[in-house]
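Notes for the structure review
Now for the letters of each chain:
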Amino acid sequence: MQQAVELLIFPRWLLPIIPAGLVLERHALVVDKGHIVAVLPAHEARERFVARETETLETHLLMPGLVNLHCHAAMSLLRGIADDLPLSTWLSEHIWPAEAKHVSPRFVYEGTLLACAEMLRGGVTCFNDMYFFPEAAAEAVRASGIRAVLGLTVLDFPSAYAKEAEGYFAQGLAAHKALRGRPQLSFCMAPHAPYSVSDGSFKRAVALAKELHMPLHTHLHETRDEINQSLKVHGVRPLERLHQLGLLGPKLIAVHAVHLKAQEMALLASCGASVAHCPTSNLKHGSGIAPLASLLEAGVNVGLGTDGAASNSRFNLFEEMRLAALLAKGSTEKACVVEAHSALAMATIGGARALGLGDDIGSLEAGKAADLCAVDFSALHLSPCYNPVSHLLYATGGEAISHVWVEGKAQLKKGTLVHVEEEALKAAAAAWQQEIKPKATKQAPLASS
């Protein structure tokens, strides 16, 4: 007798991520009650299961949804207001003033919803956020159907969200109390960075992360200026300072980690910390190139992040995968480092493990949540296809995503968002464009026609 299930998917190829290096052809994925029941040959699936809904994807590869390990989602509304600037100038002269003037719950809701829509279109099913007004972000997550880890952000200077560190902690804890238990939503402590958070605030963040069983998410070793400032003020490099304050451990997500010594990479590995690698943002700000190959060789768990759309301009995790692999090859002069399967693992199970969600998402295994995306290989530039994993990394991108499911529910179907009204979202973004007046930055003159 056949078992009744909610969904059967029959793709041309299936990439489970675990076991590493495996690609399955003519297999099926079985989903029921939001979770993966089985991955098995297609003919066996037809014999054993009957589904309420069946998707046959003859030209597609099915894989886990991507995990964006670091972003500032609501900053999609600040995309392009200041470019071609080093990080410190970009933040102090453009981003922080704009945020002080415009950030509000409405800004966060609409900006986060815009980011969620873009991420779902690109195959991202889970993102780790660091921003203000998490209640508003949570409403955007609910409206879009994506999965999110919301940061309880802490700074030691005023913003539109709070006036001092105590205010950030109070608001973050209130949001956690109000929102915990919501489906597809979890939290992390998010002290912003060593240059914006005091020792006392870092220590309190560590204590709360332990008490509430949350990851710790902070920018670290992003620029040389950050390191030089720490040496001047604290007498040690930022990583050593955080080590002394008790932040290093398996719950730490170190964002960027561009400028690291060999012993610092070994320290991160030995304590089980993770790194959120954000290659596009690092390049755009001229911050440097993270030593990805050395981090992986040292045994550090690495995930991929886009950073915010104001610093990257896109939430395109396929682009981050490709760039991460190519930069590692070019900087080491070794074509064999960070091969395609490794890059895809960073964008899926690597990010999931960093967030403490590795038992729930990040690979196509029985018992895990059915967070999935399907990539259409029918385009002319993808023919012929000798190796679909190679094509995922080097030949295609987020534009080829046709279907996305989160906990077995369709969020993108045949290229159309299921729960987001795109025209209304465009109108909201246009209204914000009229309200936000970017401060002029020096740009190259336009050529006359």
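Above this text is the structure in question.
Presented here is a report on the structure given in the accompanying data block. (Residues numbered from 1 in each chain as written. Predicted model: local features only at pLDDT ≥ 70, side-chain atom pairs only at ≥ 80, totals over all residues. Heavy atoms only, no water.)

**Side note on the packing of helix α3 (residues 105-121) against helix α15 (residues 422-435)**
Running from N to C, α3 and α15 cross one another at 130°; their axes reach a closest spacing of 10 Å. What the angle tells us is that α3 and α15 run oblique. Taken as a pair, α3 and α15 cross one another with a handedness that is left-handed. Each of R106, F107, E110, L113, L114, A117 and R121 in α3 lies in contact with α15, whose residues at this interface are E422, L425, A428, A429, W432 and E435. Counted by class, the contact of α3 with α15 contains eight nonpolar, no polar and five charged residues. (Axes fitted to C-alpha atoms, helices over the stretch in contact; angles between N-to-C directions. Helix = DSSP H or I, 4+ residues; strand = E, 2+ residues; numbered from the N terminus. Parallel < 35°, antiparallel > 145°, perpendicular 65-115°, else oblique. Left-handed = near helix turned anticlockwise from the far one by under 90°. Contact = heavy atoms within 4.5 Å. Nonpolar A, V, L, I, M, F, W, Y, C, P; charged D, E, K, R; others polar.)

**Considering the nonpolar core**
Among the nonpolar cores identified, the biggest contains 133 residues, and M63, W90, F107, V108, F127, M189 and L392 are the most heavily contacted of them. For L392, the residues in contact, after removing those within four places along its chain, are L15, L61, M63, F318, L344, V375 and F377. Counting residues in hydrophobic clusters, the runner-up holds 14 residues, among them L24, L57, L364 and L372. (Core = buried A, V, L, I, M, F, W, Y, C linked by side-chain atoms within 4.5 Å. Buried < 20%, exposed > 50% of the residue type's maximum accessible area, 1.4 Å probe, protein only.)

**Let's talk about the pattern of salt bridges**
Scanning the model with the defined rule gives 19 salt bridges in all. The salt bridge partner of E319 is R314, with a shortest N-O separation of 3.2 Å. According to the relative accessible area criterion, E319 is partly exposed, its value standing at 28%. When salt bridges that share partners are traced, they join E53, E55 and K413 into one network. (Salt bridge = Lys/Arg side-chain N within 4 Å of Asp/Glu carboxyl O.)

**Looking at empty space enclosed by the protein**
Tallying each qualifying case throughout the model produces three cavities of 30 Å³ or more. Volume-wise, the largest cavity comes out at about 250 Å³. As for the largest cavity, its lining consists of 23 residues, and the residues nearest its centre are H72, M75, L91, H192 and H219. Ranked by the residues each element gives to the lining of the largest cavity, the list is headed by helix α2 (residues 87-102), at six residues. Classifying every residue of the lining of the largest cavity gives 11 nonpolar, nine polar and three charged. (1 Å grid on protein atoms, 1.4 Å probe; cavity = no way out; pocket = protein on both sides within 12 Å on 5 of 7 lines; lining within 4 Å. Points joined across faces, edges and corners; volume = space filled by probe spheres on them.)

**Things to note about the state of the cysteines**
Evaluated as defined, the whole model comprises zero disulfides. C71 takes part in no disulfide bond, and the closest cysteine sulfur to it belongs to C116, at a distance of 8.2 Å. C71 gets classed as buried once you look at its relative accessible area, which sits at 0%. No disulfide involves C271; its sulfur sits 17 Å from the nearest other cysteine sulfur, which is in C188. You can call C271 buried: its relative accessible area is 18%. (Disulfide = S-S within 2.5 Å.)

**A few points about the environment of L69**
Here L69 is to be found in strand β6 (residues 66-71). Residues L69 and V275, 206 residues apart in the sequence, show an inter-C-alpha distance of 8.9 Å. Ignoring any residue separated from it by four or fewer positions in sequence, one finds L69 in contact with N128, H217, I253, V275, A276, G303, L304, G305, G351, A354 and L355.

**Comments concerning α15**
Between the first and last C-alpha of α15 there are 20 Å, a value that for 14 residues agrees with the 20 Å anticipated at 1.5 Å per step. Where α15 is buried, its residues touch α2 and α3. Its side-chain oxygen placed 3.3 Å from the backbone nitrogen of E423, E421 serves as the N-cap of α15. (Expected span 1.5 Å × (residues − 1). Polar contact = N/O pair within 3.5 Å; in protein donor to acceptor, adjacent residues only side chain to side chain.)

**Quick notes on unusual backbone geometry**
Across the junction of I18 and P19, the peptide omega takes the value 0°, indicating a cis bond. With respect to the helices and strands, the residue P19 is situated in the loop between β1 (3-14) and β2 (24-25). With a phi close to 55°, H221 is a non-glycine residue in the positive phi region. By the element assignment, H221 lies in the loop between β10 (216-220) and α7 (224-234). For H221, a relative accessible area of 0% gives the class buried. Despite not being glycine, S313 shows a phi value in the positive range, around 90°. Following the sequence through the fold, S313 ends up in the loop between β13 (301-304) and α12 (317-332). Judged by its relative accessible area of 23%, S313 is partly exposed.

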